[in-house]
Every structure is written in structure tokens, then in C-alpha cells.
Amino acid sequence: MGFLDFFRKKEQKAEKIEKITLSELENRISSEKENLAFKDKEAKEKVKRILAPLISELKFQADLLRKIDLEKRKEHERIKIIVKENLGYYASHLEKLAGKLEKINENFGAEEYIIEMQSCFNNFKVNSRKSFEKATILVGKELEQIQDNFRDFFSNFNRIVEGEKEIFEKRKNLEALHNLKKEFNELEKSVLEIGGNVENIEKTKKELETERNSASLEFKALIESEEFKKNLESKERAKREISDLNKNAFKLKESIDIKFLLKFFHENPKKTEVLKKYRERFLSMLEADENFEIVEMVNVALGVDIHPEVNALLEKSRQLKENNNGIEARITALETKIKNLDFELAAIDRKAYGENKKIEKAKEKNEQLKKELASKVKKILGKVEIAEEEV
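Residues numbered from 1 in each chain as written. Predicted model: local features only at pLDDT ≥ 70, side-chain atom pairs only at ≥ 80, totals over all residues. Heavy atoms only, no water.

So, about the pattern of salt bridges. By the definition in use, this model includes 15 salt bridges. With a shortest N-O distance of 3.4 Å, Lys-80 and Glu-77 are connected by a salt bridge. Placement of both Lys-80 and Glu-77 in helix H3 (residues 77-102) is noted, with a separation of three residues, approximately one turn of the helix. Residue Lys-80 is classed as buried on the basis of its relative accessible area, which comes to 7%. For Glu-77, a relative accessible area of 43% puts it in the partly exposed group. As a salt-bridge pair, Arg-212 and Asp-342 come within 2.4 Å of each other at their nearest N and O atoms. Of this pair, Arg-212 sits in helix H6 (residues 165-223) while Asp-342 sits in helix H13 (residues 327-381); the two residues are 130 residues apart in sequence, bridging distant segments of the chain. Judged by relative accessible area, which is 32%, Asp-342 ranks as partly exposed. Taken together, the salt bridges that share partners define one network made up of Glu-144, Asp-148 and Arg-151. (Salt bridge = Lys/Arg side-chain N within 4 Å of Asp/Glu carboxyl O. Helix = DSSP H or I, 4+ residues; strand = E, 2+ residues; numbered from the N terminus. Buried < 20%, exposed > 50% of the residue type's maximum accessible area, 1.4 Å probe, protein only.)

See the structure below:
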């Protein structure tokens, strides 16, 4: 044999490994379950074939127990009554057991069928124990025959279960594999949904950024505009005019001598209250005094008409207030808008971070599930490995 022939023979002995993708795994599990279903049915039929004669025998033995005659026995009459009574009880338990075994759901798989059958036997054992023990005081042969029937049945039954143990185990493992794949699918679906959320968040973020950039450009254009420069000049001029307005208001206040007016109208509480307010905030009271009470009081007390001076002050005050509107209000509105947009962008960044963290954790979990699936596939399906999906 040549040197190369040695390696060729080694290669021929290498086991062939079947590779399937995760997307193909569900079909493979279904196929394996279908194959097991036939074997499962065969296993159930084997159990039913040995169970049918036992059921018939139980009914026959129950009838025999009821026909046992203890009259000729020499034991105490009370003992014979107790034994006869418990033979009847035990016979009833045998009949109930036979009935329950006959009524086991035919749609059950082999394992479920066996579990239900064992439950019937366990309940029978618990419920019939006392009547069996009391009946054995005088009856042995017939009861021993029943026990032999049970022993024969379970000997055959255990051989069947042992022989089909691999099927039952594989069925459980396939179900576990199916559940693990289902968990993997749900996690992948969750990743896609969260990914969709992130895309929507990013879309909203871009829209907000566009809106903010637009507001920032508008703000910049506004503060660099001629209108804004003129507004600054107007504000400076307005400061001087406000100063002049306050001076003129003070001069008018001094000229009407409020102290004298308080003495003049001291017997009139209403007018006194008005004059006190004028003394504290003269210009704001002029703007609020719709009836021009101060004009009337000065005219009455001093014989002087200050109406032209008051009108001039109020007109100037109105003009200055109007000059403060317009561009400054627009600038304030834009500053507020930019601030609110910054707040929204910060909130959406936090939301995006949270969603990305969810994706990160889900992907980590998915990788763990992939490894677990690969391990279980190899263990349960034999010469099968999980291959990467083709992109």
C-alpha cells in the first residue's frame, strides 16, 4: 500500500456532517417529529396489546372473587364476614381499574398514554390496599393469581418502555429544541422591531435638527440684519428718551405740588388715596388713570390746566412702548424655539441610547441562543451542524 493510499482510506472513514441553517431548522424539527410520530404510535400499540388481556383478566378475576364461598371455612363467622366484604371491595377496585384503563384517551401519544395508565395503577394501589390486606386473611390463591397477572404485565411493560426509551427521550429533546428555536425567533423579531423604533427615532431626530438649523439660521440672519442694527440704535435712543420722559414726568409732578393737594383734599378719602398713589408712582398712575382725576384736582386746587402736559407725556410713553415690539419679540420667540428643540433633541438622544442598549442585549442573548441551538442540534439530531445563513 502506497503512502497516499493510507490517507485516502482515512478520508473515506470520515463521517459526513449535514449542515443546515437556522431558518431550515424548524422544517427539520417537524420532519423529525413526523418520523417519531410513527414510532410513537407503534410504541403505544405495543402497550395496548399487552394491556387488553390484562383488562379482560381483571374483569374475570373480579367476578371470581365475588363467587368465592367461605361458608365451609371453620374460622370465626365475624372474620369470614370481613373477608367476604373486602373481597367485594377489592373486586370493585379491579373493575374500576379495568374501566379507567379502557377509557384512556386514544388521542394521547405513547408517553401521555403511559403516564395516564401509570396514574390509574397508582390510584388503584392506594385505594385497594386495605381491602386487599383484609381479604388475604382467608383467601390466598385467587389473590396471588391477580398479583401474578400484574407482575407479568409490568415485566412486559417495562421491557417495552426500555426499548422505546430513546423515542420518548428524543421527543422531549425535540420539543425543547423547538421551544429554544421559538425563543430565538421571538428575540430576532424583537430586534427587528426595536431596530424599526431606532430608525423612526433617527428620522425624527433629523427632522428636529433640520428645524433647529433653520431656526438658528433665521436667528443669525435676524441679529445680523439692518433691522436689528436699527433696533439697537432705536433702543439707545429710546433709553435717552425714556430718561427725558421720566425727567419731564418728575418736573410735572413737582409743578403740581402733590403735598399741597393732599392737604387741600384731606377731607376726601378717595381723592387722598389717588394722590398717595401718584406720589409713589407718578408716570404709571398717569397711564392707568383713565378719568384723568389728577388733571381735575390740579384744576380745582390750583386753577391750572395740566391736560396738554399730561397728553404729551402719555403720547411719548406710548410711542416708546411701540418701539420695543417687533424684532425683539421675534428674537425672543426664536431663542425659545431653539431652546425647546435642544431639549427635544437631548430627550430623543436618551431614547435612542436606551433602544440601542436593548438591541445590544438582545443580540448578545441571541448569540448565546445560537450556541445553545448548535449544541442541542448536534446532540439531538446527530451528524448535523448549524451553518451560517447565506447573505
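Back to the write-up after that little detour.
Turning next to the packing of aromatic side chains. Aromatic ring pairs are defined here through the distance separating the ring centres and the angle between the ring planes. One pass over the full model with this rule turns up eleven aromatic pairs. Geometrically, the ring pair formed by Phe-121 and Phe-153 is tilted, given 5.6 Å between the ring centres and 40° between the ring planes. With Phe-121 in helix H4 (residues 110-135) and Phe-153 in helix H5 (residues 141-163), the pair connects residues that are 32 residues apart, well separated along the chain. Here the aromatic cluster, defined as three or more aromatic residues joined through ring pairs, consists of Tyr-90, Phe-121, Phe-124, Phe-132, Phe-150, Phe-153, Phe-154 and Phe-157. The ring of Phe-265 has Lys-271 lying over it, and the distance from NZ or CZ to the ring centre is 5.9 Å. (Phe/Tyr/Trp six-rings, centres within 6.5 Å; stacked < 30°, edge-to-face > 60°. Lys NZ or Arg CZ within 6 Å of the ring centre and 35° of its normal.)

Turning our attention to helix H11 (residues 293-302). When H11 is considered as a whole, its buried residues turn out to be Ile-294, Val-295, Met-297, Val-298 and Ala-301. Projection of H11 onto a plane perpendicular to its axis shows the buried side chains occupying an angular sector of 165°, all on one side. Note on H11: the residue one or two positions beyond its end, Gly-303, has a positive phi of about 70°. (Arc of directions from axis to C-beta.)

In a soluble, globular protein the nonpolar side chains are often hidden away together inside. Grouped together as the largest cluster of nonpolar side chains are 36 residues, with contacts concentrated most on Leu-51, Leu-65, Leu-94, Leu-101, Met-117, Phe-121 and Phe-150. Those elements giving two or more residues to this core turn out to be helix H2 (22-67), H3, H4 and H5. In this structure, Met-117 is in contact with Val-47, Leu-51, Leu-101, Ile-104, Phe-153 and Phe-157, ignoring residues within four places of it in sequence. (Core = buried A, V, L, I, M, F, W, Y, C linked by side-chain atoms within 4.5 Å. Contact = heavy atoms within 4.5 Å.)

Okay, the layout of surface pockets next. Using a probe with the size of a water molecule, rolled over the atoms, empty space left in the structure can be pinpointed. One number sums up the size of the largest pocket: a volume of about 360 Å³. Phe-121, Phe-124, Lys-125, Gln-147 and Phe-150 are, among the 14 residues lining the largest pocket, the residues nearest its centre. Secondary structure elements with two or more residues in the lining of the largest pocket: H4 and H5. By residue number, the principal contributor to the lining of the largest pocket is H4, which donates nine residues. Taken together, the residues of the lining of the largest pocket break down into six nonpolar, four polar and four charged. (1 Å grid on protein atoms, 1.4 Å probe; cavity = no way out; pocket = protein on both sides within 12 Å on 5 of 7 lines; lining within 4 Å. Points joined across faces, edges and corners; volume = space filled by probe spheres on them. Nonpolar A, V, L, I, M, F, W, Y, C, P; charged D, E, K, R; others polar.)

Attention now goes to the side chain of Lys-44. Topologically, Lys-44 is positioned in helix H2. Although Lys-44 is buried, it makes no salt bridge; Glu-106 carries the closest opposite charge, 4.5 Å away. Separated by 2.8 Å, the side chain of Lys-44 and the backbone oxygen of Phe-108 make a polar contact. Excluding its chain neighbours within four sequence positions, the residues that come into contact with Lys-44 are Glu-106, Phe-108, Gly-109, Ala-110 and Tyr-113. (Lys, Arg positive; Asp, Glu negative; His and termini not counted. Polar contact = N/O pair within 3.5 Å; in protein donor to acceptor, adjacent residues only side chain to side chain.)

Inspection of the secondary structure puts Glu-328 in helix H13. Sequence separation between Glu-328 and Asn-231 is 97 residues, and the spatial gap between their C-alpha atoms is 8.3 Å.

Let us now look at a nonpolar patch on the surface. A contiguous nonpolar surface patch, about 400 Å² in accessible area, is contributed by Phe-260, Phe-264, Val-300, Leu-302 and Val-304. Of all elements in the fold, only helix H8 (258-264) and H11 reach the threshold of two or more residues within the nonpolar patch. Within the fold, Val-304 resides in the loop between H11 and helix H12 (307-323). (Patch = residues over 30% accessible without salt bridge, like charges linked within 9 Å, V, L, I, M, F, W, Y side chains within 5 Å. Areas by Shrake-Rupley, 256 points an atom, 1.4 Å probe, with all protein chains shown as cover.)

As a packed pair, H3 and H4 sit with axes 8 Å apart at the nearest point and diverge in direction by 175°. Taken together, the axes of H3 and H4 are roughly antiparallel relative to one another. From H3, Ile-82, Val-83, Asn-86, Leu-87, Tyr-89, Tyr-90, His-93, Leu-94, Leu-97, Lys-100 and Leu-101 reach across to H4, where they touch Tyr-113, Met-117, Cys-120, Phe-121, Phe-124, Asn-127, Ser-128, Lys-130, Ser-131, Phe-132, Lys-134 and Ala-135. (Axes fitted to C-alpha atoms, helices over the stretch in contact; angles between N-to-C directions. Parallel < 35°, antiparallel > 145°, perpendicular 65-115°, else oblique.)

Right, let's get into the side chain of Thr-272. Within the secondary structure layout, Thr-272 lies in helix H9 (residues 269-280). For Thr-272, a relative accessible area of 14% gives the class buried. Looking at Thr-272, its side chain comes within polar contact range of the main-chain oxygen of Phe-265, at 3.0 Å. Excluding residues that lie within four positions of it along the chain, Thr-272 makes contacts with Leu-262, Phe-265 and His-266.

Don't take any of this as a statement about function, it's just geometry.
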